[in-house]
Amino acid sequence: MKKRGLLIIMSGPSGVGKGTIREELMKQTDLNLFYSVSMTTRSMRPGEQDGREYYFVSREEFDRNIESGNLLEWAEFVGNRYGTPKDKVEKMRNEGKNVLLEIEVNGTAKVLEKVNGDDVLSIFILPPSLEVLENRIRGRGTETEEVIKNRVNRARQELAYKKQYKYAVINDDLATAVNEVAGIIRSKM
Ligand code: 5GP
């Protein structure tokens, strides 16, 4: 029988570079990762594709998924809803894949209430400083000033949740951060 895959939760404030770290991790095929694509009600950013970054759905469709019990967890983030489809996570872990969730702090708390143990890894990605973080959120140039301000505030609050994670990795240099995260995953495989 195949060994059941790990559940890897990666969080960190907006702009910290989680998405880039995830892309680099996915290239390392020996990590045997499956990225769990979330559902969201936020609108698509330029360059994003439905089903790749997210399943982009209406608020009504999202709420139907909550009611049907299809989500492992969900949370509200700066005016939108985000959630993890449950079935895929189970199926892929049973097939031996290490499933990677990239979710925010409240969703993480809900997942950790339901599933925990040695095969659940929670990793928090930290910015070198808040100033660096704000510059990165601004530099992305995809959000309005109001959304940027909300995301920076939210980032400040999220940093306080570091302690609910087993591991913390600082993303100062991308390659170093990716190596650290990959090392954590390998040590548990
Ligand atoms: P963004 O709009 O920048 O893509 O994502 C905003 C935040 O929502 C990020 O912190 C991201 O990790 C989080 N997020 C993405 N998908 C999910 C999900 O399925 N559940 C939860 N709780 N958070 C999510």
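Residues numbered from 1 in each chain as written. Predicted model: local features only at pLDDT ≥ 70, side-chain atom pairs only at ≥ 80, totals over all residues. Heavy atoms only, no water.

A. Structural detail: the sheet that holds strand S4 (residues 54-56). Taking strand neighbours across the sheet as the criterion, the four strands line up as S4-S3-S6-S5 in an open arrangement whose pairing is mixed. One side of each edge strand has no neighbouring strand; the edge strands of this open sheet are S4 and strand S5 (71-77). Averaged over all adjacent pairs, the angle separating strand axes in this sheet is 25 degrees, with direction ignored. Direction of pairing for strand S3 (residues 38-40) relative to strand S6 (residues 80-85): antiparallel, over a ladder of two bridges. (Pairing = 2+ DSSP bridges. Helix = DSSP H or I, 4+ residues; strand = E, 2+ residues; numbered from the N terminus. Axes fitted to C-alpha atoms, helices over the stretch in contact; angles between N-to-C directions.)

B. Up close: the site of the ligand. Residues in close proximity to the ligand total 16 residues, the closest being Ser38, Arg42, Tyr54, Glu73 and Tyr82. Between Lys18 and the ligand, the recorded distance is 3.2 Å, taken from a side-chain N or O atom to an oxygen atom. Within the contact set of the ligand, an oxygen atom lies 2.6 Å away from a side-chain nitrogen or oxygen of Ser38. When isolated, the ligand has an accessible area of 510 Å², and the protein chains bury 95% of it. Using a 2 Å cut-off from the grid points, one finds that the ligand occupies the largest pocket. Among the elements of the structure, S5 and S6 are those that each provide at least two residues to the shell around the ligand. (Near = heavy atom within 4 Å. Polar contact = N/O pair within 3.5 Å; in protein donor to acceptor, adjacent residues only side chain to side chain. Areas by Shrake-Rupley, 256 points an atom, 1.4 Å probe, with all protein chains shown as cover. 1 Å grid on protein atoms, 1.4 Å probe; cavity = no way out; pocket = protein on both sides within 12 Å on 5 of 7 lines; lining within 4 Å. Sits in = over half its atoms within 2 Å of the grid points.)

C. Geometry of the sheet that holds strand S2 (residues 33-35). Strand order in the open sheet formed by five strands is S2-S7-S1-S8-S9, with parallel pairing between adjacent strands. The open sheet terminates on both sides in strands that have one partner only, identified here as S2 and strand S9 (167-170). Direction aside, neighbouring strands of the sheet carry axes that sit 25 degrees apart on average. Strand direction decides the pairing type here: strand S1 (residues 7-11) and strand S8 (residues 120-126), joined by five bridges, are parallel. Directly across from Ile9, in S8, lies its bridge partner Ser122. Taken strand by strand, helix H4 (residues 105-114) contacts S1, strand S7 (98-102) and S8, and its axis lies near 155 degrees from that of S1. Here helix H7 (residues 174-188) sits on the sheet in contact with S1, S2, S8 and S9, set at roughly 155 degrees to S9. (Contact = heavy atoms within 4.5 Å.)

D. Region of the structure containing the layout of surface pockets. Looking at the largest pocket, its volume works out to about 760 Å³. Lys18, Arg45, Tyr54, Glu102 and Arg140 are, among the 31 residues lining the largest pocket, the residues nearest its centre. When residues of the lining of the largest pocket are traced back to their parent elements, those giving at least two are helix H1 (18-27), S5, S6 and helix H6 (145-158). For the lining of the largest pocket, the residue count by class is eight nonpolar, nine polar and 14 charged. The computed volume of the second largest pocket comes to approximately 190 Å³. Forming the boundary of the second largest pocket are Arg42, Ser43, Arg45, Pro46, Phe77, Val78, Asn80, Tyr82, Thr142, Glu143, Val147 and Arg151. Residue classes in the lining of the second largest pocket are distributed as five nonpolar, three polar and four charged. (Points joined across faces, edges and corners; volume = space filled by probe spheres on them. Nonpolar A, V, L, I, M, F, W, Y, C, P; charged D, E, K, R; others polar.)

E. Fine view of the packing of aromatic side chains. The final tally for this structure, using the stated rule, is five aromatic pairs. Each ring, one from Phe62 and one from Trp74, has its centre 6.2 Å from the other, and the planes form 75 degrees; the classification is edge-to-face. Taken as a pair, Phe62 in helix H2 (residues 59-67) and Trp74 in strand S5 lie far apart in primary sequence, 12 residues in all. Classification of Phe62 by relative accessible area gives buried; the value is 0%. The interplanar angle of 90 degrees and the centroid separation of 5.9 Å between the aromatic rings of Phe77 and Tyr82 together place this pair among those described as edge-to-face. A connected cluster of aromatic rings, assembled from ring pairs, spans Tyr54, Phe56, Phe77 and Tyr82. Cation over ring: Arg22 sits above Tyr35, and NZ or CZ is 4.1 Å from the ring centre. (Phe/Tyr/Trp six-rings, centres within 6.5 Å; stacked < 30°, edge-to-face > 60°. Buried < 20%, exposed > 50% of the residue type's maximum accessible area, 1.4 Å probe, protein only. Lys NZ or Arg CZ within 6 Å of the ring centre and 35° of its normal.)

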